[in-house]
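Summary of the model geometry
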Amino acid sequence: MTELFGLPLETMREMYRRMVLIRHFEDQLYALFLQGMVPGTLHQYQGQEAVAVGVCTTLRPDDVIFSTHRPVGHFLARGSTARGIAAEIMGKADGCAGGKGGQMHLTDISMGAMPSNAVVGANIPIATGAALGFQLLGQDRVAVSFFGDGASNTGAFHEGVNLAAVKDAPVIFVCENNQYGASTAISSMIRIVDIADRAAAYGISGCVVDGMDVLAVYHAASEAVEKARRGGGPTLLECKTYRYSGHSRGDPGGYRSRDELEQWRQRDPIPQMRTLLTKEFGMAEADVKSIEQACQSEVKDSIEFALNSPEPAIEETYLNVFAEDK
Amino acid sequence: MSTREMTMVEALRDGLRVAMHSDPGVFLIGEDLGIPGGFGGGFTVTLGLAEEFGHSRVMDTPISEIAIIGAAVGAALIGMRPVAEMQYGDFVFCGMDQVVNQAAKMHYMSNGQVSVPMVLRLPVGASARGAQHSQSTEAWFMHTPGLKVVCPSNPYDAKGLLIAAIRDNNPVIFLEHKLLYGGKGGRKESSSAAHVAGVPDGDYEVPLGTVSVKREGSDLTILANMLMLHRVMEAADVLASRSILAEVIDMRCLVPLDMQVLITSAQKTGRVLIVEEDNLTGGWGADVAARLNEVAFFYLDAPITRVAAPDTPAPSAPALEHEYVPSVERVIEAAVRMMAG
């Protein structure tokens with residue numbers, strides 16, 4: 001079999017590889033953090049891999065994404081190197097932002113990954129502006145804004161989504177509803193069950209997507225992206241998902257039950273996809289294992305690379321405050 | 001290049017027109033900019049531009065300051081050159097995250113991978129509208145690394161600085177004093193100090209990072225911007241009649257700031273008086289005074305002195321506002337006191 005659910009095997013393999021890469025990268029980074037080797041803070045993506053990979057697989061190289069304080073998944077899904085990300089998080093010279101960004105502020109313009117944004121909701125109007133730019137230039141590129149459930153309660157969400165709606169901006173709003181804004185359950189902060197319902201208030205399409213199913217995300221995102229490219233305006237995708245980690249470093253997650261976590265883990269996107277590849281596609285176990293081993297090697301290599309990378313030169317502190325004159 | 005008499009509004013409009021003609025990436029975004037039958041932005045600066053350039057490039061938005069500034073940031077990130085307008089400078093605080101955390105930091109945080117070439121136009125200054133429509137906001141932005149801050153006092157500078165700001169590769173905060181607009185028709189301010197000036201028709205730039213010596217003198221240096229520059233020039237005439245020769249410097253660009261011109265003048269006159277419409281505490285004058293003190297202290301014959309608005313919100317009643325905004329008389333008094341000291 002070479003195609004399943006309208007997708008070629010090669011695409012499915014690559015989606016699986018990227019999800020495994022994200023999971024393994026984040027797990028190894030956490031191990032490093034526990035050894036006291038990661039400066040600052042960590043916001044991790046384990047559990048949400050299907051969202052980043054499902055969405056980014058639908059994009060062209062000339063599209064752009066706007067990520068959050070939890071950016072590793074989006075960047076690896078977009079094709080950024082694990083080396084550049086690891087070194088950035090470790091505060092090293094070879095980081096994708098030279099060590100000046102840090103864990104929450106990754107940038108990889110070569111992959112269309114704009115500076116990730118650590119102010120909740122702030123990237124929503126910014127992604128809208130990029131989309132308006134594409135529209136003004138007569139290009140069929142799209143912008144994607146990733147944000148969490150908590151961001152849907154900010155003023156930036158309201159203003160950004162509404163502006164995109166009235167201008168038919170080619171932007172896709174991907175709400176990753178991982179159920180909690182830091183320690184606060186989203187169910188206690190909104191009166192509705194589905195954030196996607198808010199789309200109706202702006203006169204745009206909105207839909208709820210199973211964020212633990214990478215194919216469901218892929219298909220919903222494909223539809224939204226194609227619609228935006230055709231001039232059909234923005235879509236709000238609410239991907240229901242879960243973060244296995246705490247909100248950030250030092251958060252043991254005491255506000256949620258072990259049962260709840262276990263229930264979500266039952267629906268983990270990675271084993272689901274693995275089963276699909278082996279059972280439906282008939283991929284050999286050894287073939288799948290080789291993907292997983294390659295991911296492990298890549299992560300190991302990236303961490304060694306980051307550890308061996310030099311500290312940024314001190315004079316870097318003073319560079320890039322202002323862009324050069326034309 | 002032929003020259004025409006223009007008010008500041010006309011000069012700014014002409015600057016936008018020149019920049020839009022020369023670069024298709026330049027577009028305007030804000031409230032009420034191009035609505036047919038509307039008023040061309042808060043103070044008529046964009047009047048007629050939608051008819052000339054189309055409603056895509058003169059983009060009207062909802063009343064959404066976060067979205068206006070945020071969208072400008074996003075468009076700039078993909079290489080456009082947006083010019084965003086706040087209807088009143090005071091409203092920028094609704095979108096301050098987009099200015100301070102987003103526009104200002106993107107170039108640095110990305111290690112130079114992206115830049116944010118945008119202009120944010122802010123009508124500022126007291127004009128009998130009360131505390132939420134009167135502030136001079138330059139110090140808020142001067143404090144934020146990554147932003148350039150421009151504040152012209154006359155039509156020639158306004159046009160040339162605006163064109164330069166649009167072509168600059170950084171976010172530029174562009175302040176326009178309401179009493180200097182001199183707008184035609186119904187929006188002309190009753191207490192306007194505006195005048196027309198000869199402004200070249202075509203394309204020219206006044207470089208950012210420059211101040212301008214408006215009057216030479218040997219007894220004291222007076223630094224001022226926007227409306228205050230005009231009050232200071234008036235005061236300088238009176239002072240000259242009393243044999244006090246003031247050197248007046250127009251602080252038309254606060255970031256980057258050409259400190260050398262200020263230092264040279266302070267060395268020459270030995271006295272520096274700073275006049276600003278902002279509140280006294282933490283205004284731009286406080287920082288300039290501190291910097292001059294560090295490098296020119298031994299040339300000074302008197303303490304650096306500030307004349308500014310008091311530390312109160314701007315009152316609305318004309319009688320009270322008159323007390324709030326530094327007057328020609330206060331400038332003269334301060335200068336005379338410094339000379340006596």
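Residues numbered from 1 in each chain as written. Chains lettered and ligands numbered in written order. Predicted model: local features only at pLDDT ≥ 70, side-chain atom pairs only at ≥ 80, totals over all residues.

1. As for the overall build of chain A
Rules: Numbered from the N terminus, helices here are DSSP runs of H or I no shorter than four residues, and strands are runs of E no shorter than two. With C-beta atoms placed from the backbone, the exposure class of a residue follows from how many other C-beta atoms lie within 10 Å of its own: 20 or more, buried; 12 or fewer, exposed; in between, partly exposed. Whether two residues are in contact is decided by their C-beta atoms, placed from the backbone, lying within 7 Å.
Counting its secondary structure elements, chain A contains 11 helices and nine strands. Burial statistics for chain A: of 326 residues in total, 53% are counted as buried. Of the contacts made within chain A by residues no fewer than 6 positions apart, 75% connect residues no fewer than 24 positions apart.

2. Overview of the overall build of chain B
Filter applied, for reference: Radius of gyration: C-alpha atoms only; globule rule: 2.2 Å multiplied by the number of residues to the exponent 0.38.
Assigned secondary structure in chain B consists of 12 helices and 14 strands. Since a compact globule built from 341 residues should have a radius of gyration of about 20 Å, the 20 Å found for chain B is in line with a globular shape. Overall size of chain B, expressed as C-alpha extent along the three principal axes, is 60 × 50 × 45 Å. Across the 341 residues in chain B, those meeting the buried criterion constitute 58%.

3. Brief notes about the interface of chain A and chain B
Note the cut-off: In the scheme used here, Gly and all other residues not listed as nonpolar or charged are polar, with Ala, Val, Leu, Ile, Met, Phe, Trp, Tyr, Cys and Pro taken as nonpolar and Asp, Glu, Lys and Arg as charged.
With 36 residues of chain A in contact, the opposing surface of chain B contributes 36 residues. Elements that contribute at least two residues to the side of chain A that touches chain B include exactly α5 (123-137) and α6 (155-167) of chain A. If you tally residues by element for the side of chain A that touches chain B, the top one is α5 of chain A, at 10 residues. For the side of chain A that touches chain B, a count of residues per class yields 20 nonpolar, 11 polar and five charged.

4. Details of helix α11 (residues 285-308) of chain A
Residue and element names in this part refer to chain A. Note the following rule: By this rule, a helix spans an expected 1.5 Å times one less than how many residues it contains.
Its 24 residues give α11 an end-to-end C-alpha distance of 35 Å, which sits within 8% of 34 Å, the value for a rise of 1.5 Å per residue. Of all the positions in α11, only Val288, Cys295, Val299, Ser302, Ile303 and Ala306 are classed as buried. Where α11 is buried, its residues touch α1 (9-34), α4 (82-89) and α10 (269-280).

5. Concerning helix α7 (residues 155-167) of chain B
Residue and element names in this part refer to chain B. The terminal C-alpha atoms of α7 lie 19 Å apart, and with 13 residues this matches the ideal 18 Å at 1.5 Å per residue to within 8%. Of all 13 residues in α7, 12 are buried; the element is thus mostly enclosed. Every buried residue of α7 is listed here: Pro155, Tyr156, Asp157, Ala158, Lys159, Gly160, Leu161, Leu162, Ile163, Ala164, Ala165 and Ile166.

6. Observations concerning the sheet that holds strand β7 (residues 172-177) of chain B
All names here are of chain B. Condition: Pairing between strands is defined by DSSP: at least two bridges between them are needed. To obtain an axis, a line is fitted to C-alpha atoms, over the contacting stretch when the element is a helix, and the angle between two such axes runs from 0 to 180 degrees between their N-to-C directions.
On the basis of which strands lie adjacent, the open sheet formed by seven strands has the order β3-β2-β4-β5-β7-β6-β12 and mixed pairing. Looking along the sheet, the strands with just one partner apiece sit at the ends: β3 (58-60) and β12 (253-255). Each neighbouring strand pair of the sheet contributes to a mean axis angle of 20 degrees, computed without reference to strand direction. With three bridges connecting them, strand β4 (residues 81-85) and strand β5 (residues 119-124) associate as parallel partners. Across the sheet, the residue bridging to Val83 is Val119, located in β5.

7. Section: the domain arrangement of chain B
Residues and elements named next belong to chain B. The condition is simple: An automatic or database domain assignment supplies the residue ranges for each domain.
On domain assignment, one finds that chain B holds domain 1 (3-200) and domain 2 (212-340). Inter-centroid distance (C-alpha atoms) of domain 1 to domain 2 is 26 Å. Facing the 26 residues of domain 1 at the interface are 24 residues of domain 2. Looking at the side of domain 1 that touches domain 2 residue by residue, the classes come out as 15 nonpolar, seven polar and four charged.

8. Quick look at the packing of α4 of chain A against α11 of chain A
Residues and elements named next belong to chain A. Cut-off, in case you're wondering: Roughly parallel means an angle under 35 degrees; roughly antiparallel means over 145; roughly perpendicular covers 65 to 115; every other angle is labelled oblique. Definitions for this section: a left-handed crossing has its near helix turned counterclockwise from the far helix by less than a right angle. A right-handed crossing has that turn clockwise.
Contact geometry for α4 and α11: axes closest at 8 Å, N-to-C directions at 45 degrees. As summarised for this structure, α4 and α11 are arranged oblique, according to the angle between their axes. Of the two possible hands of crossing, α4 and α11 adopt the one that is right-handed. Mapping the contact onto sequence places Ala82, Arg83, Ala86 and Ala87 in α4 and Glu298, Val299, Ser302, Ile303, Phe305 and Ala306 in α11. Residues belonging to the contact of α4 with α11 are distributed by class as follows: seven nonpolar, one polar and two charged.

9. Brief notes about the sheet that holds strand β10 (residues 220-224) of chain B
Residue and element names in this part refer to chain B. A sheet is described by the order of its strands in space; here five strands give the open sequence β9-β11-β10-β13-β14, paired in mixed fashion. Here the strands that pair on one side only, and so sit at the sheet edges, are β9 (212-215) and β14 (305-309). Between one strand and the next, the sheet's axes are offset by a mean angle of 25 degrees, whatever the strand orientation. With four bridges connecting them, strand β13 (residues 272-279) and β14 associate as parallel partners. For Leu273, the partnering residue across the bridge sits in β14 and is Thr305. Sheet strands in contact with helix α10 (residues 284-296) are β10, β13 and β14, and its direction is about 155 degrees off that of β13. Contacts between helix α12 (residues 328-340) and the sheet are confined to β10, β11 (246-250), β13 and β14, with β14 contributing the most and set at about 165 degrees to the helix.

10. Let's talk about the nonpolar core
What counts, and what does not: Note on terminology: a nonpolar core is a set of buried residues of type Ala, Val, Leu, Ile, Met, Phe, Trp, Tyr or Cys, with members joined through C-beta atoms within 7 Å.
In this structure, Val144, Ile172 and Leu237 of chain A together with Ala335 of chain B are the most contacted members of the largest nonpolar core, which totals 208 residues. When residues of this core are assigned to domains, at least three map to each of domain 1 (3-200) and domain 2 (212-340) of chain B.

11. Here we look at the pairing of β7 of chain B
Residue and element names in this part refer to chain B. For β7, the tally of buried residues reaches six of six residues, placing the bulk of the element in the interior. Residues Val172, Phe174 and Glu176 line one face of β7 and the alternating positions Ile173, Leu175 and His177 line the opposite face, and both faces are buried. Looking at chain direction, β5 and β7 are connected through six bridges and run parallel. Within β7, the position partnered with Val124 by the bridge is His177. Taken together, the three bridges between strand β6 (residues 148-150) and β7 define a ladder with parallel strand orientation.

12. Here we look at the environment of Glu304 of chain A
Positionally, Glu304 of chain A belongs in helix α11. For the pair Glu304 of chain A and Arg83 of chain A, spaced 221 residues apart in sequence, the C-alpha to C-alpha distance is 8.7 Å.

13. Focus: the packing of α1 of chain A against α10 of chain A
All names here are of chain A. Where α1 contacts α10, the axes come no closer than 10 Å and their chain directions differ by 150 degrees. Classed by the angle they form, the pair α1 and α10 counts as roughly antiparallel. Viewed along their axes, α1 and α10 form a crossing whose handedness is left-handed. Contacts between α1 and α10 involve Met12, Met15, Tyr16, Met19, Val20 and Arg23 from the first element and Pro269, Ile270, Met273, Arg274 and Leu277 from the second. Taken together, the residues that form the contact of α1 with α10 break down as nine nonpolar, no polar and two charged.

14. Observations concerning the environment of Met189 of chain A
Within the secondary structure, Met189 of chain A sits in the loop between β7 (184-185) and α7 (198-202). Every residue in contact with Met189 of chain A, bar those within four places of it in the chain, is listed here: Asn153, Gly181 and Thr184 of chain A.

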